[in-house]
Amino acid sequence: MGPKGKPGRLQPAPENFLSADLIDQISKQGLDNSRRQFLRQSFATASAALVSGGALAAADHPGAAGEEAIIQLPQHSKTLGNPVAHLPYGLPSKHEAYLQRRESPGLTRRRESSIAFTPLQGLFGIITPSGLHFERHHAGWHDIDPASHRLMINGLVATPKVYTLGELMRLPSVSRMHFIECGANTAMDWANPAVPSVQYTHGMLSCCEFTGVPLSLLLEDCGIDKSAAKFVLAEGADGASLTRSIPIEFALDDVIVAWGMNGEMLRPENGYPLRLIVPGAQGVSWVKWLRRIEVGDAPFATREESTQYIDLMPDGLSRQYTLIQECKSVITSPSGGQRLLDRGFYNITGLAWSGRGRIARVDVSVDGGRNWTTARLESPVLPKCLTRFNLDWEWQGKPALLQSRAVDETGYVQPKISELRSVRGTRSVYHNNAIQSWRVEAAGEVINVQIS
Ligand SMILES: Nc1nc2c(c(=O)[nH]1)N[C@H]1C(S)=C(S)[C@@H](COP(=O)(O)O)O[C@H]1N2
Ligand SMILES: [Mo]
């Protein structure tokens, strides 16, 4: 398996302004054809790998600055570099500064109760770097002192308990990779394509390795009344006192009280020092700055489950207590706002996920759903976790309609937007898991479109 044609170049979405500048720079420089030919051949194998993820495919650029570096040693090849621990905590290269979480202009009135989206178009594999994890706060974030933070477990238990962080971290822990997706992800696109890039259509989505103690262990420790317990309430320590009810089957299954994220302590924005991990559930149930778990015999009818995060159905009634994020996928490159700079080979790449388990298959169409080809799933393929898919594609310079359709291990097939609307009507906000379409124009622009 591998590219047959010449690799095509990709201009990143406009928010990736540095890379676009780089393309300009590169195209202004010239190299004579024989050198170009020689270098093209030597880079032929390496270049295919570079055409991905929204990153600039620099290897096959005529007259690329990099070609000079091979022939004339640049300054950095002749001088001492920075010492070790120059940065005690490492940062991305300054050349990658365009890759940022971004707010959608005008989406909310206050930045304390807003959203910053993950730049999916520029990420590889399945793990979201901690600094690029999306953010959603109802009342802003604090950097809470872990020494004074406590977790209380009360309600239908024999012995209510209050834990310090130190006590929790002494317990047997687990580390698991899971996606988190806000129920409002892709909400802006229910009616029509509203936003230009995958960062804004699907960027309320991240995936990390989380470390913590299974909630079941803490509930056992407090002597949960298993015959009476039906739900637990999770409560956050922020000004929103955010609360959600979680069915006991979930609470006793794979829910984690986590302090770790990608191998280090949680970031303050993401709930430091403690957050609830509810694999497969929509983001709002993943209570940050977790301070209390109450065991009850009925759902608690809190604001965030009875009046918010609900789905207004065609009959005028609202569906409440939605928990699971259904199977969904999106092509992250080529994607909205990017531009294919010439014909040739492109790696169609994207992400698939399901709140019900593993991804079984992802099909990709380049003709708006007439024909489908099964994409390669890259390992690992884990339950309730992002799965990376890839497909070789030869762009002929003609308009194309790119779509991906995921199937999970339960056999559920990601729906078309028309199929979703026929069940849910047109007044929904949350839980849009429809197939995403990107139109590639003849000139190479990629735009967000809807195909019913
Ligand atoms: N305490 C608390 N927990 C919270 C929230 C909040 O505002 N306060 N926001 C929720 C929502 S709606 C989502 S989508 C996720 C977002 O998590 P993140 O900011 O780590 O991406 O956290 C959830 N947990
Ligand atoms: Mo959310």
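Rules used throughout
Residues numbered from 1 in each chain as written. Chains lettered and ligands numbered in written order. Predicted model: local features only at pLDDT ≥ 70, side-chain atom pairs only at ≥ 80, totals over all residues. Heavy atoms only, no water. Helix = DSSP H or I, 4+ residues; strand = E, 2+ residues; numbered from the N terminus. Buried < 20%, exposed > 50% of the residue type's maximum accessible area, 1.4 Å probe, protein only. Polar contact = N/O pair within 3.5 Å; in protein donor to acceptor, adjacent residues only side chain to side chain. Contact = heavy atoms within 4.5 Å. Salt bridge = Lys/Arg side-chain N within 4 Å of Asp/Glu carboxyl O. Phe/Tyr/Trp six-rings, centres within 6.5 Å; stacked < 30°, edge-to-face > 60°. 1 Å grid on protein atoms, 1.4 Å probe; cavity = no way out; pocket = protein on both sides within 12 Å on 5 of 7 lines; lining within 4 Å. Points joined across faces, edges and corners; volume = space filled by probe spheres on them. Nonpolar A, V, L, I, M, F, W, Y, C, P; charged D, E, K, R; others polar. Pairing = 2+ DSSP bridges. Axes fitted to C-alpha atoms, helices over the stretch in contact; angles between N-to-C directions.

Participant: Just to check I follow, could you spell out the side chain of Glu-269 for this structure?
Facilitator: Looking at the element boundaries, Glu-269 is found in the loop between β11 (264-265) and β12 (275-277). Look at Glu-269 and you get buried, because its relative accessible area is 11%. Separated by 2.7 Å, the side chains of Glu-269 and Arg-101 make a polar contact. In contact with Glu-269, not counting residues within four places along its chain, are Arg-101, Glu-135, His-137, Trp-141, Lys-288 and Trp-289.

Participant: I would appreciate a short explanation of the pattern of salt bridges in the present structure.
Facilitator: A side chain with one charge can pair with a side chain of the opposite charge if their charged atoms come near. Taken as a whole and assessed by the stated rule, the structure comprises 23 salt bridges. Note that Arg-101 and Glu-135 form a salt bridge whose closest N and O atoms lie 3.1 Å from each other. Of this pair, Arg-101 sits in the loop between α3 (65-71) and β2 (115-116) while Glu-135 sits in strand β3 (residues 135-136), placing them 34 residues apart in sequence. Relative accessible area serves as the criterion here: at 13%, Glu-135 is assigned to the buried category. A salt bridge links Glu-326 to Arg-356; the nearest nitrogen and oxygen atoms lie 2.6 Å apart. Residue Glu-326 is located in the loop between β15 (318-319) and β16 (328-333), and its partner Arg-356 is located in the loop between β18 (344-353) and β19 (359-365); the two are separated by 30 residues in the primary sequence. Residues joined by salt bridges that share partners form a network here, namely Glu-235, Arg-291, Arg-292 and Glu-294.

Participant: Even after reading the chapter, I still don't get the packing of aromatic side chains, so can you show me in this structure?
Facilitator: Two aromatic rings, taken as a pair, are described by how far apart their centres are and by the angle between their planes. Under the criterion given, the structure shown has 5 aromatic pairs. Each ring, one from Phe-210 and one from Trp-286, has its centre 5.6 Å from the other, and the planes form 70 degrees; the classification is edge-to-face. Remark: Trp-286 occurs in the loop between β12 and β13 (290-296) and Phe-210 occurs in strand β7 (residues 205-214); sequence separation between them is 76 residues. Relative accessible area serves as the criterion here: at 0%, Phe-210 is assigned to the buried category. The exposure class of Trp-286 is buried, given its relative accessible area of 1%. Consider the rings of Tyr-346 and Trp-393, whose centres lie 6.4 Å apart with planes at 50 degrees: the pair is tilted. Taken as a pair, Tyr-346 in strand β18 and Trp-393 in strand β22 (residues 387-395) lie far apart in primary sequence, 47 residues in all. Taking the relative accessible area as the measure of exposure, Trp-393 reaches 9% and is therefore buried.

Participant: Hey, could you run me through empty space enclosed by the protein in this one?
Facilitator: A water-sized probe rolled over the atoms picks out the places where empty space is left. If you walk through the whole model with that rule in mind, you get 3 cavities of 30 Å³ or more. Considered as a void within the structure, the largest cavity measures approximately 230 Å³ in volume. Lining the largest cavity are 20 residues, and of these Arg-136, Arg-275, Gly-283, Trp-286 and Lys-288 sit closest to its centre. Partitioned by chemical class, the residues of the lining of the largest cavity number 9 nonpolar, 6 polar and 5 charged. Every residue lining the second largest cavity is listed: Thr-186, Asp-189, Ile-417, Asn-432, Ala-434, Ile-435, Gln-436, Ser-437, Asn-448, Val-449, Gln-450 and Ile-451.

Participant: Is there a simple way to think about the sheet that holds strand β8 (residues 231-236) in this case?
Facilitator: Sheets are built from strands that pair by backbone hydrogen bonding, the pairs being arranged parallel or antiparallel. Strand order in the open sheet formed by 5 strands is β5-β4-β13-β8-β9, with mixed pairing between adjacent strands. Each edge of the sheet is formed by a strand with only one pairing partner; in this case those strands are β5 (161-164) and β9 (243-247). Neighbour-to-neighbour, the strand axes of the sheet open up by a mean angle of 20 degrees, direction not taken into account. Taken together, the 6 bridges between β8 and β13 define a ladder with antiparallel strand orientation. For Phe-231, the partnering residue across the bridge sits in β13 and is Gly-296.

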